[in-house]
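Chain residues, written in single-letter form:
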Amino acid sequence: MSFQHACGGISPKIPPLLSCFYTIFLLLGGTLVTPVIHTSVVEWGDDVKAVSEDEAVVLVNHQATGDVCTLMMCLQDKGTVVRQMMWLMDHIFKYTNFGIVSLIHGDFFIRQGKAHRDQQLVLLKEHLEKYYRSRNRKWIVLFPEGGFLRKRRETSQAFAKKNNLPFLQHVTLPRLGATQVILKTLVAPQENGTPAGGDAVIKESKSKGLQWVIDATIAYPKGEPIDIQTWILGYRQPTVTHVHYRIFPIKDVPAEPEALSQWLYQRFIEKEDLLTHFYETGAFPPLQGQTKAVSREMTLSNLWLVGIQSLAFLSGGMWYCILQYFYHCLF
């Protein structure tokens with residue numbers, strides 16, 4: 001992958017240089033620290049490169065902060081996906097070194113908790129209508145569980161018991177809100193049998209709307225997730241992270257809230273089965289129609305890694321100079 005291919009003009013409304021910095025900042029988690037902890041990624045299931053130029057929503061299980069790093073690694077060799085995607089992140093990331101760049105780029109920072117839920121969904125809809133089409137986004141990534149596995153597992157299991165739903169150990173039951181808003185806003189009219197909420201935006205851009213749901217399941221050896229501290233400090237032994245993909249046509253996804261809720265639950269129940277199989281055997285099961293599961297090791301260009309790392313150090317120096325300047329101004 002060339003530097004120009006990865007960083008060049010995210011959209012006509014965003015300067016190429018800013019696009020480049022956005023890509024660099026987001027890739028810090030995936031590429032900069034990879035050589036430190038000797039982490040590699042093996043991919044399983046459907047080949048998502050085949051839909052890299054189509055619009056898609058990516059649903060990912062969430063175990064630790066390192067999930068974002070893992071996913072960014074995986075997406076680097078998927079065509080233009082890295083520079084044409086939108087992330088739904090926890091609002092805390094707004095205050096990191098790449099927060100201002102992501103904010104300008106058009107990513108959405110969401111607040112968790114019941115007190116903010118309804119307001120956040122309204123803001124998300126407005127954000128998608130304003131930025132998704134106008135900035136030529138292709139993929140949108142979210143974590144439907146609404147938090148880390150270790151934090152939500154007990155609450156999810158209690159909810160499952162109360163509502164006669166399966167007991168899940170490796171994932172939690174997903175929340176409907178953000179997924180429903182995304183589908184209503186970005187699916188083309190009549191795609192699911194009913195007009196989509198964002199049809200005005202789609203007409204403006206002549207977009208086909210969302211065409212696929214990509215179900216991504218991240219698995220760590222022994223079920224021990226990697227957080228950002230581990231990626232950066234490198235105090236964990238060399239490890240291989242595994243990512244399993246399944247692709248669903250958007251026409252197979254129900255639009256009605258109750259049916260969509262059950263569809264999402266079923267996907268995460270299947271994720272539970274996938275992860276159970278992985279933790280027992282060290283591999284994901286084969287796809288339907290296959291006798292043996294096929295895996296693909298994701299490799300990165302050394303030249304690309306060196307380039308990103310050099311720019312990362314430069315960005316670190318820039319932030320140091322900025323903070324030093326404000327410190328001297330204040331004190």
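Calculation notes
- Within each chain, residues carry numbers counting from 1 in the order of the written sequence.
- A pLDDT threshold of at least 70 governs which residues receive local features in this predicted model, and a stricter bar of 80 or more applies before side-chain atom pairs are shown or counted, although totals over entire chains, interfaces and linings include all residues.
- Each side-chain value is derived from all of the structure's non-hydrogen atoms; neither hydrogens nor water enter the calculation.
- Comment: elements are numbered from the N terminus, with helices defined as DSSP H or I runs of at least four residues and strands as E runs of at least two.
- Here, residues are in contact when the closest pair of their heavy atoms is within 4.5 Å.
- Buried residues are those whose accessible area, probed at 1.4 Å on protein chains only, stays under 20% of the maximum for their type, while exposed residues exceed 50% and partly exposed ones sit between those limits.
- Here, expected helix span is obtained from the residue count minus one, scaled by 1.5 Å.
- Geometry of aromatic contacts follows a simple scheme: Phe, Tyr and Trp rings, the Trp one being its six-membered ring, pair when their centres are within 6.5 Å, and the pair is stacked under 30 degrees between planes, edge-to-face over 60, tilted otherwise.
- For this document, the term salt bridge refers to a Lys or Arg side-chain nitrogen within 4 Å of an Asp or Glu carboxyl oxygen.
- Pairing between two strands is assigned when DSSP locates at least 2 bridges connecting them.
- Two joining distances apply to patches: 9 Å for like charges and 5 Å for nonpolar side chains (Val, Leu, Ile, Met, Phe, Trp, Tyr), and every residue must have over 30% relative accessible area and no salt bridge.
- A 1.4 Å probe and the Shrake-Rupley method give the accessible areas. Residues count as covered only by the protein chains that appear here.
- Charged residues are defined narrowly, with Lys and Arg counted positive, Asp and Glu counted negative, and His plus the chain ends left uncounted.
- Each charge is placed at NZ for Lys, CZ for Arg, CG for Asp and CD for Glu.

Enquirer: It is not clear to me how the environment of valine 171 should be interpreted in this structure. Could you clarify?
Expert: For valine 171, the location among the structural elements is in the loop between helix 7 (149–162) and helix 8 (177–186). Put simply, valine 171 and lysine 271 are 100 residues apart on the chain and 7.3 Å apart in space, counted from C-alpha to C-alpha. Ignoring sequence-local partners within four residues, the contact set of valine 171 consists of Asn61, Glu145, Leu149, Phe268, Lys271, Glu272 and Leu275.

Enquirer: Would you explain unusual backbone geometry in this entry?
Expert: Excluding glycine, residues mostly have negative phi values, and the peptide bonds linking residues are mostly trans. Unusually for a residue other than glycine, asparagine 164 sits at a positive phi of about 55°. The residue asparagine 164 is located in the loop between helix 7 and helix 8 in this model. Asparagine 164 gets classed as exposed once you look at its relative accessible area, which sits at 73%. Despite not being glycine, lysine 222 shows a phi value in the positive range, around 60°. Inspection of the secondary structure assignment puts lysine 222 in the loop between strand 6 (212–219) and helix 10 (228–233). Here lysine 222 falls in the exposed class, since its relative accessible area comes to 76%.

Enquirer: Teacher, can you tell me more about helix 7 here?
Expert: For an α-helix, 3.6 residues make a turn, and residues three or four places apart therefore share a direction. For helix 7, which comprises 14 residues, the first-to-last C-alpha distance of 19 Å matches the rise-based estimate of 20 Å (1.5 Å per residue) to within 8%. Among all positions of helix 7, only Leu149, Arg152, Ser156, Gln157 and Ala160 are buried.

Enquirer: Would you take a moment to explain the packing of aromatic side chains for this structure?
Expert: The geometry of an aromatic ring pair comes down to the distance between the two centres and the angle between the two planes. For the coordinates displayed, the defined rule picks out six aromatic pairs. Ring centres 5.7 Å apart and planes at 70° place the aromatic pair phenylalanine 278 and tyrosine 279 in the edge-to-face group. Ring centres of tyrosine 327 and phenylalanine 331 lie 5.0 Å apart, and the angle between their planes is 40°; on these two criteria the pair is classed as tilted. Tyrosine 327 gets classed as partly exposed once you look at its relative accessible area, which sits at 49%. What links up through ring pairs into an aromatic cluster is the set Trp44, Phe278, Tyr279 and Phe284.

Enquirer: Help me out: how do you make sense of the pattern of salt bridges in this one?
Expert: Two side chains bearing opposite charge may form a pair once their charged atoms approach each other closely. Summed over the entire model, instances satisfying the criterion amount to ten salt bridges. The residue lysine 78 makes a salt bridge to glutamate 43 at a minimum N-O spacing of 2.8 Å. Remark: glutamate 43 occurs in strand 1 (residues 39–45) and lysine 78 occurs in the loop between helix 4 (66–75) and strand 3 (85–90); sequence separation between them is 35 residues. Of the residues examined, lysine 78 reaches a relative accessible area of 2% and is grouped as buried. The salt bridge partner of lysine 251 is aspartate 252, with a shortest N-O separation of 3.5 Å.

Enquirer: Is there a simple way to think about the pairing of strand 6 in this case?
Expert: On a regular strand, one side chain projects to one face of the sheet and the next to the other, so that they alternate. Of all eight residues making up strand 6, seven are buried, and the element is well covered by its neighbours. Bridge count for strand 2 (residues 56–60) against strand 6 is five bridges, and the pairing is parallel. Of the residues in strand 6, the one forming a bridge with valine 60 is alanine 216. Looking at chain direction, strand 6 and strand 7 (residues 239–249) are connected through eight bridges and run antiparallel. Paired with tryptophan 212 across the two strands is proline 249, which belongs to strand 7.

Enquirer: What's the story with a positive patch on the surface in this structure? I'm lost.
Expert: A contiguous patch of positive charge on the surface is contributed by Lys114, Arg117, Lys162 and Arg175. Relative to the helices and strands, arginine 175 resides in the loop between helix 7 and helix 8. Look at arginine 175 and you get partly exposed, because its relative accessible area is 31%.

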